[in-house]
Amino acid sequence: DSESMIVANADSAVELYHDASLKFDTHTNGVKVHGNIFMDDNDEIRLGDSGDFQLFHNSSTGEARIFNSNAGGINIITDLFKVKNNANNETLLNATNGGGVELYFNNSKKFETTSGGVQVTDNLNMSGGHIFVADNFKLNLGTGDDLQLFHDGTTSIIKSASHAIA
């Protein structure tokens, strides 16, 4: 048969073929896979000398897991990080280098970081919490900042653009 299955070159690469198509070969600094890597359900990919970084899929629960037992954490290095739903038609989270982080509910942006702080779309509901504002910063209410509440470090002040405050 003229079709190669395994090619082993002296002092060079080893190549594995399937149906005359290169699928795997070795290089000076590693290996290269040509195509997809398939693993059986519930098998893990483990990286590191002790296998402390793991990728796992549980076929019975559908859970996919990325696990790192190393105290160094997991760093994702990218200029744009997106999390989308399984159907890939709704955004859950966007993070942009030099820009903001955005959180979504039902594909609608609800919270984002900005150069001036944060922006909340719709309502901010707080259960049992408080809003803390440092001295000399104002809590502005109304579209035109019609009502202002603030404390200058000594005096509490309530200002209204349209009505006198008693």
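All values derive from a computational prediction rather than experimental measurement. (Residues numbered from 1 in each chain as written. Predicted model: local features only at pLDDT ≥ 70, side-chain atom pairs only at ≥ 80, totals over all residues. Heavy atoms only, no water.)

Trainee: What's the story with the packing of aromatic side chains in this structure? I'm lost.
Mentor: The geometry of an aromatic ring pair is captured by the separation of the ring centres together with the interplanar angle, meaning the angle of the planes. As enumerated under the stated definition, the model contains 0 aromatic pairs in all. Positioned over the ring face of Phe150 is Lys138, at 5.0 Å from the centre of the ring. (Phe/Tyr/Trp six-rings, centres within 6.5 Å; stacked < 30°, edge-to-face > 60°. Lys NZ or Arg CZ within 6 Å of the ring centre and 35° of its normal.)

Trainee: I'm lost on the sheet that holds strand S15 (residues 156-160) in this one. Help?
Mentor: Spatially, the 3 strands line up as an open sheet ordered S13-S14-S15, and their pairing is antiparallel. Every interior strand has two partners, whereas the edge strands, strand S13 (138-141) and S15, have only one. Geometrically, the sheet is characterised by an average inter-axis angle of 10° between neighbouring strands, direction not taken into account. Taken together, the 5 bridges between strand S14 (residues 147-151) and S15 define a ladder with antiparallel strand orientation. Residue pairing in the sheet places Phe150 in a bridge with Ile157 of S15. (Pairing = 2+ DSSP bridges. Helix = DSSP H or I, 4+ residues; strand = E, 2+ residues; numbered from the N terminus. Axes fitted to C-alpha atoms, helices over the stretch in contact; angles between N-to-C directions.)

Trainee: Which parts of the structure should I look at to understand a nonpolar patch on the surface?
Mentor: Residues Val33, Ile37, Met39, Ile45, Leu47, Leu55, Ile66, Ile74, Ile76 and Phe81 make up a contiguous nonpolar surface patch of about 880 Å² in total accessible area. In this fold, Leu47 is placed in strand S5 (residues 44-47). For Leu47, a relative accessible area of 44% puts it in the partly exposed group. (Patch = residues over 30% accessible without salt bridge, like charges linked within 9 Å, V, L, I, M, F, W, Y side chains within 5 Å. Areas by Shrake-Rupley, 256 points an atom, 1.4 Å probe, with all protein chains shown as cover. Salt bridge = Lys/Arg side-chain N within 4 Å of Asp/Glu carboxyl O. Buried < 20%, exposed > 50% of the residue type's maximum accessible area, 1.4 Å probe, protein only.)

Trainee: Help me understand the sheet that holds strand S1 (residues 6-8) in this model?
Mentor: Across a sheet, paired strands are connected by hydrogen bonds in the backbone, their directions being either parallel or antiparallel. Pairing is antiparallel in the open sheet, where 4 strands are placed in the order S1-S2-S3-S4. Because the sheet does not close on itself, it has two edges, and the strands there are S1 and strand S4 (30-33). Strand-to-strand twist of the sheet, defined as the mean angle between neighbouring strand axes without regard to direction, takes the value 15°. Taken together, the 4 bridges between strand S2 (residues 14-18) and strand S3 (residues 21-27) define a ladder with antiparallel strand orientation. From the neighbouring strand, Glu15 faces S3, where its bridge partner is Asp25.

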